[in-house]
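Residue strings, one per chain:
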Amino acid sequence: MPELRSLSYLSKATRVLNVKEVHELARAAAETNAKLGITGYLYAHTGHYFQYLEGPAPALNELMASITKDDRHRILHQHDLGKVKARRFEGWSMRYLPASALSKIGLEHLLFELVQDATNVGYSEGWVRDKITAILDKLSQFQTMLNRPENQSGTA
Ligand SMILES: Cc1cc2nc3c(=O)[nH]c(=O)nc-3n(C[C@H](O)[C@H](O)[C@H](O)COP(=O)(O)O)c2cc1C
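The structure contained in this document is the topic of the report that follows. (Residues numbered from 1 in each chain as written. Predicted model: local features only at pLDDT ≥ 70, side-chain atom pairs only at ≥ 80, totals over all residues.)

It is worth spelling out the packing of helix H4 (residues 108-119) against helix H5 (residues 125-141) at this point. Look at H4 against H5: their axes get within 10 Å of each other, and the N-to-C directions meet at 160°. Taken together, the axes of H4 and H5 lie roughly antiparallel to each other. In this structure, H4 meets H5 at a crossing whose hand is left-handed. On H5, the residues that touch Leu 110, Leu 111, Glu 113, Leu 114, Asp 117 and Ala 118 of H4 are Trp 127, Val 128, Lys 131, Ile 132, Ala 134 and Ile 135. When grouped by side-chain class, the residues that make up the contact of H4 with H5 number nine nonpolar, no polar and three charged. (Axes fitted to C-alpha atoms, helices over the stretch in contact; angles between N-to-C directions. Helix = DSSP H or I, 4+ residues; strand = E, 2+ residues; numbered from the N terminus. Parallel < 35°, antiparallel > 145°, perpendicular 65-115°, else oblique. Left-handed = near helix turned anticlockwise from the far one by under 90°. Contact = placed C-beta atoms within 7 Å. Nonpolar A, V, L, I, M, F, W, Y, C, P; charged D, E, K, R; others polar.)

Between its first and last C-alpha atoms helix H1 (residues 19-36) spans 25 Å; for 18 residues at 1.5 Å apiece the expected length is 26 Å, and the two agree. Close packing links the buried residues of H1 with strand E2 (39-45) and strand E5 (95-96). Immediately beyond the C-terminal end of H1, within one or two residues, lies Gly 37, with a positive phi of roughly 75°. (Expected span 1.5 Å × (residues − 1).)

Sheet strands pair by backbone hydrogen bonding; their relative direction is either parallel or antiparallel. With mixed pairing, the five strands of this open sheet are ordered in space as E4-E1-E3-E2-E5. Taken across any chain shown, the strands that pair with only one partner, and hence form the sheet edges, are strand E4 (73-83) and E5. Where E2 meets E5, two bridges bridge the pair, whose relative direction is parallel. Along E5, the bridge assignment pairs Tyr 41 with Arg 95. Contacting strand E1 (4-13), E2, strand E3 (48-56) and E4, H5 runs over the sheet at an angle of about 75° to E4. (Pairing = 2+ DSSP bridges.)

Neighbouring the ligand are 14 residues; Ala 29, Thr 32, Tyr 49, Ser 66 and Asp 70 lie closest to it. Those elements that provide at least two residues to the shell around the ligand are H1, E3 and helix H2 (57-69). Partitioned by chemical class, the residues of the shell around the ligand number seven nonpolar, five polar and two charged. (Near = placed C-beta within 6 Å.)

This is the structure:
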């Protein structure tokens, strides 16, 4: 089995999408990712994106090259999060969660802070990485609950 690697990035949207459009973006992404063996999580708020991706290194690099070229956003910071022994988000080809689900697990403020930190003039890679780890840990911890139908879609 090829080595699994992980990365995340923060980006700024060139046009702010509404919730319906982000759901559609995540749906299309999930369809492609399923074929590539990529799993991950997407956050979109206040004209920014945070995305976590994991999968076989060649597919991951190729996908990240496409995402970087996408003129719907501009990458601000990319983080190589290294090798992964087991996927964090098995079953999430790409998951975008409604705000209601994020607030249930107390993640809304942490994600919002992450975007603030990343856009700050005094950007600190260390702080941002710590926050990313905390966010991913929390999402993994609550994955079963987040998979319930009421937490998957909706308008919020
Ligand atoms: C914030 C954001 C996240 C994206 N995430 C993915 C993704 O996880 N998987 C995917 O296939 N495309 C994703 N896309 C779309 C890609 O950037 C790109 O449009 C798609 O892979 C087709 O690329 P291609 O025209 O080079 O084949 C994302 C786009 C944006 C703006």
